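Structure assessment
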Amino acid sequence: MPRIWIDGSWIEKADAKISVFDHGLLYGDGVFEGIRAYGGRIFRLRQHLERLYASAKAIWLEVPVPFDVMARICEEAIRLNDLQDAYIRLLVTRGVGDLGLDPRKCPKASVICIADRIALFSPEVYERGLTMMTAATPVHHREGVSPRIKSLNYLAHILAKIEAIAAGADEALMLEAGSGVSEGVGENVFCVRKRVVVTPPAYAGILRGITRDAVLEIAAQAGYEVRESNLTRYELFTADEMFLTGTAAELVGVVKLDGRVIGDGKVGPVTRDLAARFKALVARES
Ligand code: PMP
């Protein structure tokens, strides 16, 4: 029986419940992380926790657990649940308050840690590549709820996903509020042109992905030129290759965007090379 950490106790899945007065539920008031383990070891846990604590800081939320204890909770979640290749969902909510939104009525934040498995797409999709559609719904403005904050409010991304599904695409591309390409609904976006690997910069309206940063590193090590620069859809339409990166998705090729075939319509050689290098990295580092 899977066991889930809620505020200091490991609770069996069937009994793992939170209050309906938790502001994470009532208002999406909280932050989270999605983290992977390979062979029982967690990939880049420090970076995930740094992002979690930074997200919490940005929404004025005090995480009630110190950094090193949080790391131990994640490791324990894998061990206790006897998992090897796993996905950890770590949440910090504003906690229990009243029906008003004033966070001062929530005396203590809640910490929840769930360890499970995840498969976003089937193996065939990784082989053939994704089809994408640009959603009408943009990511939040970077000076609003900054996309850098991994908050519990994913409604814009969920709407984008629904729009893509309704249009018959596998995944949605989201634009920045204003202009430019931002990200997928749970992934960062890359394109390849003449073997130069390009992704939007972290200060743009994106969540700065841990996978994105790892792929930029391995691409540079492999001798590709890498560039962080603003992208428009035009640059994606005319790229040789396009792919997405994310903890859950890992590295997945994109073969069609808004009806335009990307490159030759197959998952490209640079994408395949980087996917193999990413696999080797997680095996080595975890
Ligand atoms: N953008 C969004 C909106 C996401 O939810 C995620 C998944 N955390 C990413 C990008 C990719 O980030 P990472 O590589 O850290 O999983």
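What to know about the sheet that holds strand E1 (residues 3-6)
In a beta sheet, neighbouring strands pair by backbone hydrogen bonds and run either parallel or antiparallel. With respect to topology, six strands assemble into an open sheet ordered E2-E1-E6-E5-E3-E4, the strand pairing being antiparallel. If you trace the sheet from one side to the other, it starts and ends with strand E2 (9-12) and strand E4 (41-42), each paired once. Examined bridge by bridge, strand E5 (residues 86-93) and strand E6 (residues 110-116) share seven bridges and lie antiparallel to one another. Across the sheet, Val 92 pairs through a bridge with Val 111, a residue of E6.

Focus: unusual backbone geometry
Residues other than glycine predominantly adopt negative phi, and peptide bonds predominantly adopt the trans conformation. The backbone of Trp 60 sits at a positive phi, close to 60°, despite the residue not being glycine. Looking at the element boundaries, Trp 60 is found in the loop between helix H2 (45-58) and helix H3 (67-80). Judged by relative accessible area, which is 79%, Trp 60 ranks as exposed. We note that Arg 195 has phi near 65°; this positive angle belongs to a residue other than glycine. With respect to the helices, strands and loops of the structure, Arg 195 is situated in the loop between strand E10 (188-193) and strand E11 (196-199).

Quick look at the site of the ligand
Around the ligand, 16 residues are found, and the nearest of them are Lys 150, Tyr 154, Ile 210, Thr 211 and Thr 247. A distance of 2.6 Å separates an oxygen atom of the ligand from a polar side-chain atom of Thr 211. Calculation on the ligand without its partners gives an accessible area of 380 Å², and the protein chains cover 95% of this total. Residue assignment for the shell around the ligand shows that the elements contributing at least two residues are helix H6 (210-221) and strand E13 (241-246). For the shell around the ligand, the class distribution of residues is four nonpolar, eight polar and four charged.

Description of the environment of Val 226
Mapped onto the fold, Val 226 is located in strand E12 (residues 225-228). What makes Val 226 partly exposed here is its relative accessible area of 30%. Spatially, the C-alpha atom of Val 226 lies 8.3 Å from that of Thr 199, the residues being 27 residues apart in sequence. Ignoring any residue separated from it by four or fewer positions in sequence, one finds Val 226 in contact with Val 197, Leu 216, Ala 219 and Ala 220.

Considerations on a nonpolar patch on the surface
Taken together, the side chains of Ile 18, Val 20, Phe 21, Leu 25, Leu 26, Tyr 27, Val 96, Leu 99 and Leu 101 present a nonpolar region at the surface, about 840 Å² in accessible area. Looking at the secondary structure, you find Ile 18 in the loop between E2 and helix H1 (23-27).

Describing the domain arrangement of the protein chain
Here the domain parsing of the protein chain yields domain 1 (3-116) and domain 2 (123-285). Across the contact, 24 residues belong to domain 1 and 21 residues belong to domain 2. If you sort the residues of domain 1 by the area they bury against domain 2, Phe 32, Arg 44 and Arg 51 come out on top, with a joint share of 34%. Residues Arg 44 and Glu 285 are paired through a salt bridge, measuring 2.8 Å at the closest nitrogen-oxygen approach. Between the two partners, domain 1 and domain 2, sit nine residue pairs in polar contact (both at pLDDT 80 or more). Of all elements in the fold, only H1, strand E3 (30-38), H2 and E5 reach the threshold of two or more residues within the side of domain 1 that touches domain 2. The leading source of residues in the side of domain 1 that touches domain 2 is E3, at eight residues. Looking at the side of domain 1 that touches domain 2 residue by residue, the classes come out as 10 nonpolar, eight polar and six charged.

Conventions and cut-offs
Residues numbered from 1 in each chain as written. Predicted model: local features only at pLDDT ≥ 70, side-chain atom pairs only at ≥ 80, totals over all residues. Heavy atoms only, no water. Pairing = 2+ DSSP bridges. Helix = DSSP H or I, 4+ residues; strand = E, 2+ residues; numbered from the N terminus. Buried < 20%, exposed > 50% of the residue type's maximum accessible area, 1.4 Å probe, protein only. Near = heavy atom within 4 Å. Polar contact = N/O pair within 3.5 Å; in protein donor to acceptor, adjacent residues only side chain to side chain. Areas by Shrake-Rupley, 256 points an atom, 1.4 Å probe, with all protein chains shown as cover. Nonpolar A, V, L, I, M, F, W, Y, C, P; charged D, E, K, R; others polar. Contact = heavy atoms within 4.5 Å. Patch = residues over 30% accessible without salt bridge, like charges linked within 9 Å, V, L, I, M, F, W, Y side chains within 5 Å. Salt bridge = Lys/Arg side-chain N within 4 Å of Asp/Glu carboxyl O. Domains from an automatic or database assignment. Buried area = accessible area lost by both parts, 1.4 Å probe.

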